[in-house]
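# Overview (structure and organization)
Below are the chains, spelled out letter by letter.
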Amino acid sequence: MIRLLAATLAIVLAAAPVLIMPMPAVAVIAMVGLFLATVGVAAFWRWPVTAAACVFLADYAAALWVAAGPVNVAGAAGFGLALLFMLESVDLARRVRRAAVDGAVIRSHLGRWSGFGAATLGAAALAVALASALATPVPPAIAPLLAAGGALGVITTIAVIITRVTSNRRLAGR
């Protein structure tokens, strides 16, 4: 069941760029990602799924770039969450391989993922509202500095989270 979720997310991630920009090149790249994801999900290997996530992300970015459409923060956040949940579900399937997994475990993970997804989409909506309110009074010369500061803040936050997770895993003996 966990692998079915990963496979479904891989199909959604492959279809998203094709729906944005229906070109043969975009479809071929999506199929390469889907092939890698299928191999990873079937064999319980992380590296093909990670490679598929990279291919899906590059394909999505290329499709958005070629389409030159308006910015859609909710779509981008949803795509990112689908990538995260695909990687998480493959990792979970790999960790519980050959174990009897109760439905409560899956419901717990789905509930946690749903809460995280809702919080992420809410934070993205709040960031867009805040950016829209601040965009008008900010002089154009200061805008790149604010963008760089925001990017630095996000990267620093991610680095702190990764460091804490890594240190917790070391303490737990994983």
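What you are looking at is a predicted structure, and each value in this text was computed from that prediction instead of being measured. All residue numbers refer to positions counted from 1 along the written sequence of the respective chain. In view of the model being predicted, local features appear only for residues whose pLDDT reaches at least 70, and side-chain atom pairs are presented and counted only at 80 or more, with totals across whole chains, interfaces and linings using the full set of residues. Computation of side-chain values: all heavy atoms of the structure, hydrogens and water removed.

### Focus: the pattern of salt bridges
- One speaks of a salt bridge when a side-chain nitrogen belonging to Lys or Arg is within 4 Å of a carboxyl oxygen belonging to Asp or Glu. Inspection of every chain in the model, using the stated rule, returns three salt bridges.
- Two residues, R112 and E88, come together in a salt bridge whose shortest N-O distance is 3.7 Å. Of this pair, R112 sits in helix α5 (residues 103-135) while E88 sits in helix α4 (residues 73-95); the two residues are 24 residues apart in sequence, bridging distant segments of the chain.
- The rule is simple: take the accessible area with a 1.4 Å probe, protein chains only, and divide by the maximum for that residue type; under 20% is buried, over 50% is exposed, in between is partly exposed. Judged by relative accessible area, which is 46%, R112 ranks as partly exposed.
- Under the relative-accessibility criterion, E88 is labelled partly exposed at 27%.
- Here the salt bridges do not stand alone but share partners, grouping R46, D91 and R95 into one network. Secondary structure counts use DSSP, requiring at least four H or I residues in a row for a helix and at least two E residues in a row for a strand, with both numbered from the N terminus.

### Quick word on unusual backbone geometry
- At F44, a residue that is not glycine, the phi angle is positive and equals roughly 60°.
- Assignment of secondary structure puts F44 in the loop between α2 (24-43) and α3 (46-67).
- A positive phi angle, close to 65°, is found at R98, a residue other than glycine.
- Mapping R98 onto the fold places it in the loop between α4 and α5.

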